[in-house]
2 protein chains.
Amino acid sequence: MTARNAFYAQSGGVTAVINATACGLIQAARRHPDRIGKVFAGRDGIIGALTEDLIDTSCESDAAIAALRHTPGGAFGSCRYKLKGIDQHRAQYERLIEVFRAHDIGYFFYNGGNDSMDTAWKVSQIAGALGYPLTCVGIPKTVDNDLPHTDCCPGFGSVAKYVATSIREAGYDVASMARTSTKIFVLEVMGRHAGWITAACGLASEGAGEPPHILLFPEIPFEPERFLARVDECVRRYGYCTVAVSEGLCDAGGRLIADSGSRDAFGHAQLGGVGQVVAQLIKDKLGHKYHWALADYLQRSARHLASRTDVEQAYALGVAAVDLALQGKNAVMATIRRLADAPYRWEIGEAPLAEVANVERKMPREFISDDGFHITAACRTYLQPLIDGEDPPPYRNGLPDYVRMRGSAVKKKLGTYTI
Amino acid sequence: MTARNAFYAQSGGVTAVINATACGLIQAARRHPDRIGKVFAGRDGIIGALTEDLIDTSCESDAAIAALRHTPGGAFGSCRYKLKGIDQHRAQYERLIEVFRAHDIGYFFYNGGNDSMDTAWKVSQIAGALGYPLTCVGIPKTVDNDLPHTDCCPGFGSVAKYVATSIREAGYDVASMARTSTKIFVLEVMGRHAGWITAACGLASEGAGEPPHILLFPEIPFEPERFLARVDECVRRYGYCTVAVSEGLCDAGGRLIADSGSRDAFGHAQLGGVGQVVAQLIKDKLGHKYHWALADYLQRSARHLASRTDVEQAYALGVAAVDLALQGKNAVMATIRRLADAPYRWEIGEAPLAEVANVERKMPREFISDDGFHITAACRTYLQPLIDGEDPPPYRNGLPDYVRMRGSAVKKKLGTYTI
């Protein structure tokens, strides 16, 4: 069997561990020189494929590839660029195949979330329609943890560990200050439509009265009066109150509590600021001094505090994608299958891309307490193993020592293409 | 010599390592039962002394006290409560001495920043005037790093490590996204009047083009046009731009760029939001999509990422305070003396409280680059050792395992006192 090249791209918002997947994938590919020639990475994701801007990962040393395992962000660049439907924009898909053909690419690995799995599925379809032999494998990645058919999504566990740690630590701080100063602390976290990250904050509350006291989920319509009553109760009982709020918090009419009004390339609203809205509401109505934090990119890039479980799964999925491809599995996504909760046991599985694409996994309602302000025991059982273990990066000069790729471009063979 | 009891209080904003100082102090005191009876901690700082609300630390186990070394926040509670001048409020000082007399307190340890050193000095004065034998020792603590006569202030090194790590990590993230999405990332950090924390962000930039690209110091008046030109230059050159901005950024007229209008108990303006103001300015004028983060309490409570140097100094200062007191040194603050930059060597020193009280150490102008947007080599030489080394806490269930004190109250001997 002749070796063919592979294409790998990172898509959408990056995470603390997406490079661990790249590491696993490239290391696995290097173990199969008889089947896989070079791994070409798309510079800035799928845009790199469209514009024939490919990075030759064979120019990266083994040490540099190994260091990807502990480096956050997307080492080859990512993008927010969603290919339209095949009917609408068939030329783009044909261009992809043209580039793949020019560089003898027989394997297409796409590392992303819902939108990306949809793209990967469409690419597999068009390759089939054009009679171009291509094995397409999706690899899950999203801090939103909202892909179906997998126990969890790489990136989420590390965000979960970060936000739970952060609100625990801030809780110790505000508890100290509450007598004469700050009584309220609000942490705004990511999660547009699903409250997985908000729920993860709840892991920090292991005993009665432990922060966070209140979680505000995007799934539960915000009722100011009921919320304020709970805040008041916490302050009376514990002397202070800590709140974790999802950026996607909505009112009963489905309107975002804070919407900056601008939208990203996928048409999603760009959020931010609900933490301050909620904190200011408390100040206005109850008179308590507040502090609030906006974790933003810090939460999804905090490789220094990654979950070891998350890193291991991200790496294993990269390896598994190569295995699946070499088994000739096409149009599938590598998945995590949970075998046991505690101690947590998992294995690699697979799911058809057609069943994954554009399906969003919501938080089960039974993961949220009846009053809507916290997580249930079932939720804790699900989440707990995902934050387990530490995997600190090496440090140099007191700071995490991360790697940057050389990013050597593959020589172009086709004419210019404008997207 | 008869053993007398000691009083210890934490004051002002807490840090990731103030409890390491408490740990060192209490452990050292326990080694001298012939000289020091019990260590009573003020519940919620000096308020605990005024209201005779004392915590008997002898009720805390050795293990619990040891765990303070890795626990953030103020384990006994802190407060923002500044005693007025002796002439204005002599009764409060006399009350303190009355409480100390009732509980045979011969040692007064005050762990705080500028305001606290002023209070400690005044307490030493009033004790002398009243003929009450009391040894007063101040112990520095402030993330603002603005106390004089000490190489640095415990708490700062860990914030420095956290903010530098955070902006490095976020820089890896935004670099990945810049092609089609976020090009600008702004991190707002603490530091009302001195740019030490802002400067620390600069440590992450070890090579040309490495984040953060721009630092906005409280010492340098904000000039929007010049700032925007630099942002534009960064985006053109690197594809993105990362900015660290101090909460205390001012315009040429000394007005805060973002001032929420409310003030804390010391009359300081309560800040927050300048990060978004600066980011939105970039969006409005240059059109780039931005993300911004507000680290707030996360930066000063992030014990999980503490600087080992900072923890060691905080602990050593607690031990040193006991040593100084037992040597009969009164009205002094324990300090850190730098002996060498690299490798960093330091020893414990002392400074008269009278020379420390209310003096604010500013960033030297030569620590800021000529253009005002970054740090100099001299600044790097000063800061580098302060973030050196890691000292991770123990983890349980995937999260840092911190301790809470039992907080057993000492039986009151005096009548009620209202502050």
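Residues numbered from 1 in each chain as written. Chains lettered and ligands numbered in written order. Predicted model: local features only at pLDDT ≥ 70, side-chain atom pairs only at ≥ 80, totals over all residues.

Caption draft 1: Quick look at the overall build of chain A. Within chain A, the secondary structure is distributed over 13 helices and 13 strands. The globule rule puts the C-alpha radius of gyration for 419 residues at 22 Å, and the 22 Å found for chain A is close to it. Counting only C-alpha atoms and orienting by the principal axes, one finds that chain A spans roughly 70 × 45 × 40 Å. Here chain A holds 419 residues, and the buried ones make up 61% of them. Taking the contacts inside chain A whose residues are at least 6 apart along the sequence as the reference set, 76% of them involve residues at least 24 apart. (Helix = DSSP H or I, 4+ residues; strand = E, 2+ residues; numbered from the N terminus. Rg over C-alpha atoms; globule rule 2.2 N^0.38 Å. Buried ≥ 20, exposed ≤ 12 C-beta atoms within 10 Å, placed from the backbone. Contact = placed C-beta atoms within 7 Å.)

Caption draft 2: How the structure looks around helix α5 (residues 114–130) of chain B. All names here are of chain B. Taking 1.5 Å per residue as the helical rise, α5 with its 17 residues ought to reach 24 Å, and the 25 Å between its terminal C-alpha atoms agrees with that figure. With 13 of 17 residues buried, α5 is to be regarded as a mostly interior element. One or two positions beyond α5, positive phi appears at G131, with a value near 70°. (Expected span 1.5 Å × (residues − 1).)

Caption draft 3: The sheet that holds strand β4 (residues 105–112) of chain A, seen in detail. All names here are of chain A. Across the sheet, which stays open at both edges, the seven strands sit in the order β3-β2-β1-β4-β5-β10-β11 with mixed pairing between neighbours. The open sheet has two free edges, formed respectively by β3 (54–56) and β11 (345–352), since each of these has just one partner strand. Neighbouring strand axes in the sheet, compared pairwise and without regard to direction, differ in orientation by 30° on average. Here strand β10 (residues 332–340) pairs with β11 via eight bridges, running antiparallel. Among the inter-strand pairings, R337 is bridged to a residue of β11, identified as E347. Seen against the sheet, helix α11 (residues 308–326) touches β4, β5 (135–140), β10 and β11 and runs at an angle of roughly 170° to β5. (Pairing = 2+ DSSP bridges. Axes fitted to C-alpha atoms, helices over the stretch in contact; angles between N-to-C directions.)

Caption draft 4: Looking closely at the confidence of the model for chain A. Residues and elements named next belong to chain A. Per-residue pLDDT for chain A has a mean of 94; in total, 96% of the residues score no lower than 70. Across residues 260–272 the pLDDT falls below 50, and counting only partners more than four positions away or on other chains, this stretch makes 30 contacts in the model. Predicted as a complex, the structure gets a pTM of 0.96 and an ipTM equal to 0.96. (pLDDT = per-residue confidence, 0-100.)

Caption draft 5: Inspection of the interface of chain A and chain B at higher detail. Contacts between the two partners involve 60 residues from chain A, matched on the other side by 60 residues from chain B. Sorting the residues of the side of chain A that touches chain B by element identifies α6 (156–177), β9 (290–294), α10 (297–301) and β13 (399–400) of chain A as the ones contributing at least two each. Residues that form the side of chain A that touches chain B fall into these classes: 28 nonpolar, 18 polar and 14 charged. (Nonpolar A, V, L, I, M, F, W, Y, C, P; charged D, E, K, R; others polar.)

Caption draft 6: Spatial organisation of the pairing of strand β1 (residues 4–10) of chain A. Residue and element names in this part refer to chain A. Of all seven residues in β1, six are buried, a share of seventy percent or more. Direction of pairing for β1 relative to strand β2 (residues 36–42): parallel, over a ladder of four bridges. By the bridge assignment for β2, Y8 is matched with A41. Between β1 and its parallel partner β2, the chain crosses via helix α1 (residues 18–30), and the hand of that crossover is right-handed. Pairing of β1 with β4, which is carried by six bridges, proceeds in the parallel orientation. (Right-handed = clockwise from strand over helix to strand, strands pointing away.)

Caption draft 7: Representation of the domain arrangement of chain A. All names here are of chain A. We note that the domain assignment places domain 1 (4–141 + 304–358 + 392–400) and domain 2 (156–302) within chain A. Taking only C-alpha atoms, the centre of domain 1 and the centre of domain 2 are 33 Å apart. Considered class by class, the residues forming the side of domain 1 that touches domain 2 number six nonpolar, six polar and four charged. (Domains from an automatic or database assignment.)

Caption draft 8: Up close: the relation of the copies chain A and chain B. Expressed as a screw operation, the relation of chain A to chain B combines 0.0 Å of axial shift with a rotation of 180°, fitting to an RMSD of 0.0 Å. Put plainly, the chains are arranged around a two-fold axis. Proximity to the rotation axis, assessed at the C-alpha, singles out A:L294 in chain A; its C-alpha lies 2.4 Å from the axis. Here 100% of the interface residues in chain A have copies in chain B that are interface residues too; the copies meet face to matching face. (Least-squares fit on C-alpha atoms with pLDDT ≥ 70 in both.)

Caption draft 9: The arrangement of the packing of helix α4 (residues 90–102) of chain A against helix α5 (residues 114–130) of chain A in detail. All names here are of chain A. At their nearest, the axes of α4 and α5 sit 10 Å apart, and the two run at 75° to each other. Here α4 lies roughly perpendicular to α5, going by the angle between them. Across the interface between the two elements, Y93, L96 and I97 from α4 touch K122, V123, I126, A127 and L130 from α5. (Parallel < 35°, antiparallel > 145°, perpendicular 65-115°, else oblique.)

Caption draft 10: Quick peek at the packing of helix α1 (residues 18–30) of chain B against helix α11 (residues 308–326) of chain B. Residue and element names in this part refer to chain B. With their axes 7 Å apart at the nearest point, α1 and α11 run at an angle of 35° to one another. In this structure, the crossing between α1 and α11 has a hand that is right-handed. Across the interface between the two elements, I18, A20, T21, A22, C23, G24, L25, A28 and A29 from α1 touch V311, A314, Y315, A316, L317, G318, V319, A321 and V322 from α11. (Left-handed = near helix turned anticlockwise from the far one by under 90°.)

Caption draft 11: Broad picture of the environment of A:P212. Residue and element names in this part refer to chain A. Structurally, P212 can be placed in the loop between α7 (196–201) and β7 (214–216). In the structure, P212 is positioned 26 residues away from V186 in sequence and 9.2 Å away in space, judged by C-alpha atoms. Ignoring anything within four residues of it in the chain, the contact list for P212 reads I167, G171, C201, G202, A204, S205, T242, V243 and A244.

Caption draft 12: Representation of the sheet that holds strand β2 (residues 36–42) of chain B. Residues and elements named next belong to chain B. One open sheet holds the seven strands; their spatial order is β3-β2-β1-β4-β5-β10-β11, and the pairing between them is mixed. This sheet does not close on itself; its edge strands, each paired only once, are β3 (54–56) and β11 (345–352). If you compare each strand with its neighbour and ignore which way they point, the axes differ by 30° on average. In the packing of α1 onto the sheet, contacts are made with β1 (4–10), β2, β4 (105–112) and β5 (135–140), and the angle to β1 comes to roughly 175°. Packing against the sheet, α5 makes contact with β4, β5 and β10 (332–340), and its axis sits at approximately 160° to β4.

Caption draft 13: Representation of unusual backbone geometry within the structure. Put simply, A:A342 and A:P343 share a cis peptide bond, and its omega is -5°. Relative to the elements of secondary structure, A:P343 occurs in the loop between β10 and β11. Going from B:P211 to B:P212, the amide bond is cis rather than trans, its omega being 0°. One non-glycine residue, B:N358, adopts positive backbone phi at about 65°. For B:N358, the position within the fold is in the loop between α12 (353–356) and α13 (377–383). Positioned with a positive phi, B:N397 is a non-glycine residue whose angle comes to about 55°. Within the fold, B:N397 resides in the loop between β12 (395–396) and β13 (399–400).

Caption draft 14: Molecular detail of α1(A). All names here are of chain A. Compared with the 18 Å implied by 1.5 Å per residue over 13 residues, the 19 Å span of α1 between its first and last C-alpha is a close match. Where burial is concerned, most of α1 is hidden: 11 out of the 13 residues are buried. Taken as a whole, α1 has its buried residues at I18, N19, A20, T21, A22, C23, G24, L25, I26, A28 and A29. Contacts made by the buried residues of α1 are with β1, β2, α3 (62–67), β4, β5 and α11.

Caption draft 15: Structural context of the environment of B:Q88. Checked against the element boundaries, B:Q88 lands in the loop between α3 (62–67) and α4 (90–102). Of the residues examined, B:Q88 has 9 C-beta atoms within 10 Å and is grouped as exposed.

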